[in-house]
Amino acid sequence: MVGGQDLPKYRMYIDGDWAEPSSGEYFESFNPYTGKPWSLVARGGKADAERAVEAAYAAFTSGAWPRLTASQRGALLRKLGDLIARDAQRLAEIEVRDNGKLIAEMGAQLRYLPNWYYYFGGLADKIEGSVIPIDKPATFNFTRHEPVGVVVAISAWNSPLLLASWKMAPALAAGCTVIVKPSEYTSASMLELCKLVEEAGFPKGVVNVVTGFGPEVGEPLVQHPKVAKVAFTGSEMGGQRVYETAAKGLKRVTLELGGKSPNIVFDDANLDDAVKGAISGIFAATGQTCIAGSRLLLQESVHNQFMDKLVAFAETARMGNPLDPETQVGPVTTRPQYDKILRYIDIAKGEGAQCVLGGGPAKRKECGDGWFVEPTIFTGVTNDMRIAREEVFGPVLSVIRFRDDDEAVRIANDSPYGLAAGIWTQSIKRALKVSEKLQAGSVWVNTYRAVSYMSPFGGYKRSGLGRENGQDAIYEYLQTKSVWISTADEVPNPFVMR
Ligand code: NAD
C-alpha cells in the first residue's frame with residue numbers, strides 16, 4: 001500500500017507520545033490537486049485503539065487532569081487556542097494539501113478556530129449545579145455536573161480540525177479525556193495539532209489521536225467498554241453503524257450526518273443577493289459540506305430571470321490550485337468521492353434533468369491531474385428524483401420550481417434529511433412563518449452557511465442527533481449527579497414507616 005518512502009510520515013499520538021502503529025503499516029494520503037500521495041499515515045488497528053483508550057481512561061481517573069480546577073482546565077484550553085491562532089496559516093496549508101479546499105476558506109476557518117477553545121475554555125468554570133429545595137425534612141440535596149469519561153471523536157474529511165474541535169473543546173472543558181479518530185483521508189492536521197496540545201501543557205493521555213480506517217480502528221474504539229461517549233461526524237451510513245455499535249454498550253452518542261438542504265428563493269427576494277447565496281451554498285468547498293444548499297427551490301415567477309443570473313455568475317468561477325488565493329473552486333477531496341459525483345451527474349441526466357452548466361470532469365488546463373468536477377447545475381428537477389433526495393456532496397445543484405409558500409415548505413420538508421435551510425425574501429413575516437415550518441436544525445434568512453461556536457448546530461431527522469456548539473454543547477459531555485445529605489440528629493428506625 002505504501003509507495004514513496006521519502007514522504008513525511010505521521011505517527012499516532014497516544015499517552016503523550018508519538019506512537020508507531022502496532023501493525024507497523026502506513027498508508028498514503030493524497031493531495032487532491034495533484035492526485036498524488038504527499039504523506040504517509042499510521043494504519044492503526046484494534047491494539048492501538050485499546051492502548052489509546054487505556055491511556056485516556058487512566059488520564060481521566062488519576063493523575064494531573066482530574067486534579068485541575070475547572071478554571072485551570074479553561075486556561076489550558078485558552079492557551080491551546082492561542083497556539084492555534086499562532087500557527088493558523090501553517091495548519092491551513094496542511095489541510096489544503098490534504099483535502100484540496102481553498103486556502104482562502106481554510107485560512108479563514110483556521111483563524112476562526114481558536115474561538116472554540118476560548119469559548120468553551122471560558123465555560124469550563126461556569127458549569128454550576130443547583131441546590132434543590134427538597135421535599136424531605138432534614139435533608140440537603142444538590143446536583144453536580146460531572147464529566148462522562150472517555151470520549152471518542154470521529155470526524156469526516158471536509159473540515160478536519162473544525163469538526164474535531166467542535167467535539168474536543170466542549171469535551172475537554174467538561175473534564176473528559178479524548179481520543180480523536182480523524183478521517184483516513186485527512187489525518188495530518190490533527191497530528192500537527194497534537195504538537196500544540198503538547199506545547200500547551202495538557203497532561204499525557206488527555207488528548208490522543210489514532211489514525212486509520214473506520215472498520216479497523218474506529219469500530220474497536222466505539223466498542224471499547226471504557227469509552228463513555230462517541231461524537232461522530234460523517235455519512236448517514238457511517239453514523240448508523242456507529243450508533244448500532246454504541247447501542248450495544250449503551251454509550252452516549254451525538255451524530256452529525258448528511259443533508260440535502262433546500263435554499264428557497266421567493267419572488268420578493270433581492271435576486272442578486274440570492275444568486276450569491278445559491279452559489280456559496282453549493283460551490284463553496286466544492287459542494288463538500290454537510291450544509292450544502294444542494295436543492296435550490298425557485299419560485300416560478302422569477303425562475304428564468306434568476307437562472308440567467310445564476311448561470312452567468314457560476315460561469316465566472318476560477319478553478320485551479322487551491323493554494324492560490326485567487327482560486328474559487330478547488331478539487332474534490334478523494335478519488336472515490338470524485339467518481340461518486342460523476343455517477344450522480346449521470347443519474348440526474350438519466351432521470352431527465354436538464355444540465356444547464358458543467359456536467360462532467362473539469363478538463364481545464366489549470367486543473368492539471370487533480371480530481372476536479374465542473375460546477376454543475378440541473379434544472380427541471382422534481383423532488384422525487386434521486387438527484388433531489390440523495391446527498392451528492394459535490395458541486396452539483398438541483399433546481400426545483402415551486403408556486404407558493406405552502407408548496408415551497410412542502411418540497412423543502414419532503415426529505416429524509418433536516419440539517420439546514422435557506423430563505424431569500426424581503427418580507428420579515430414570510431421569513432418568520434417559513435422558518436418556523438422548516439424541519440431543519442439551522443435556518444438562514446438572506447444569508448447561507450453561517451456557523452459560530454456560540455450557536456447550536458445539528459440535524460433534524462436523518463441528519464443527526466444532539467447538538468454541537470453553543471452553551472448546551474457542553475452538557476453532551478456531562479452527567480448529573482444528585483447528592484443527598486441528611487442533617488437529621490439521628491437516623492430514624494427503619495422498621496417505622498414515615
Ligand atoms: P464516513 O461516514 O465515511 O466517515 C466518517 C468517519 O467515520 C471517518 O473517520 C471514518 O473512518 C469513520 N468510520 C467509518 N466507518 C466506521 C465504523 N464502522 N466505526 C467507526 N468509525 C467509522 O463519512 P465521510 O465520507 O468521511 O464524510 C462525509 C459525510 O460527512 C457527508 O455525508 C457529510 O454530510 C457528513 N458531514 C456532516 C457534518 C455535520 O456536521 N452534520 C459535517 C461534515 C460532514
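Residues numbered from 1 in each chain as written. Predicted model: local features only at pLDDT ≥ 70, side-chain atom pairs only at ≥ 80, totals over all residues. Heavy atoms only, no water.

Enquirer: What is the right way to look at the site of the ligand in this model?
Expert: Neighbouring the ligand are 28 residues, the closest being Lys181, Glu184, Glu219, Ser235 and Glu391. Here an oxygen atom of the ligand sits 2.6 Å away from a polar atom, N or O, in the side chain of Lys181. Calculation on the ligand without its partners gives an accessible area of 850 Å², and the protein chains cover 89% of this total. Elements represented by at least two residues in the shell around the ligand include exactly helix 9 (214-223), strand 11 (227-233) and helix 10 (236-248). Its residues placed into classes, the shell around the ligand shows 12 nonpolar, 10 polar and six charged. Two domains share the shell around the ligand, each providing at least three of its residues, namely domain 1 (2-257 + 463-482) and domain 2 (262-445). (Near = heavy atom within 4 Å. Polar contact = N/O pair within 3.5 Å; in protein donor to acceptor, adjacent residues only side chain to side chain. Areas by Shrake-Rupley, 256 points an atom, 1.4 Å probe, with all protein chains shown as cover. Helix = DSSP H or I, 4+ residues; strand = E, 2+ residues; numbered from the N terminus. Nonpolar A, V, L, I, M, F, W, Y, C, P; charged D, E, K, R; others polar. Domains from an automatic or database assignment.)

Enquirer: Honestly, the domain arrangement of the protein in this entry has me stumped. Any pointers?
Expert: If you check the domain split of the protein, you get domain 1 (2-257 + 463-482) and domain 2 (262-445). Spacing between the C-alpha centres of domain 1 and domain 2 amounts to 31 Å. Each partner contributes residues to the interface: domain 1 has 25 residues there, and domain 2 has 31 residues. Carbon and sulfur atoms supply 64% of the area that domain 1 and domain 2 bury against each other, a total of about 2,200 Å² over both sides. Taken together, domain 1 and domain 2 are joined by zero salt bridges. Between domain 1 and domain 2 we count eight residue pairs in polar contact (both at pLDDT 80 or more) in total. Listed by contribution, the elements that provide at least two residues to the side of domain 1 that touches domain 2 are helix 4 (88-99) and helix 5 (103-112). Of all the elements, helix 4 adds the most residues to the side of domain 1 that touches domain 2, at four residues. (Contact = heavy atoms within 4.5 Å. Buried area = accessible area lost by both parts, 1.4 Å probe. Salt bridge = Lys/Arg side-chain N within 4 Å of Asp/Glu carboxyl O.)

Enquirer: I'm lost on the pattern of salt bridges in this one. Help?
Expert: It is possible for side chains of opposite charge to pair when their charged atoms get near one another. Applying the stated criterion across every chain, the model contains 33 salt bridges. Among the salt bridges present, the one from Arg43 reaches Glu25, with a minimum N-O distance of 3.5 Å. Remark: Glu25 occurs in the loop between strand 3 (17-19) and strand 4 (26-31) and Arg43 occurs in the loop between strand 5 (36-42) and helix 1 (46-61); sequence separation between them is 18 residues. Where Arg430 meets Asp268, a salt bridge forms, and the shortest distance between an N and an O atom there is 3.1 Å. With a gap of 162 residues between them, Arg430 in helix 16 (residues 428-437) and Asp268 in the loop between strand 13 (262-265) and helix 11 (271-283) connect regions that are remote in the sequence.

Enquirer: Where do I start with the environment of Ser183 in this structure?
Expert: Among the structural elements, Ser183 can be located in the loop between strand 9 (177-181) and helix 8 (188-200). C-alpha of Ser183 to C-alpha of Gly218: the two residues are 35 residues apart in sequence and 9.7 Å apart in space. Residues in contact with Ser183, not counting those within four places in the same chain, are Ser155, Ala156 and Trp157.

Enquirer: Explanation requested: the layout of surface pockets in the structure shown.
Expert: Any empty space left between the atoms is revealed when a probe the size of a water molecule rolls over them. In this model, the second largest pocket occupies a volume close to 360 Å³. In terms of lining residues, the second largest pocket is bounded by 19 residues, among which Arg73, Arg144, Glu146, Pro147 and Ala174 are the most central. Where the lining of the second largest pocket is concerned, the elements lending two or more residues are helix 1, helix 2 (64-67), helix 3 (70-86) and strand 7 (139-147). For the lining of the second largest pocket, the element with the most residues is strand 7, which contributes four residues. (1 Å grid on protein atoms, 1.4 Å probe; cavity = no way out; pocket = protein on both sides within 12 Å on 5 of 7 lines; lining within 4 Å. Points joined across faces, edges and corners; volume = space filled by probe spheres on them.)

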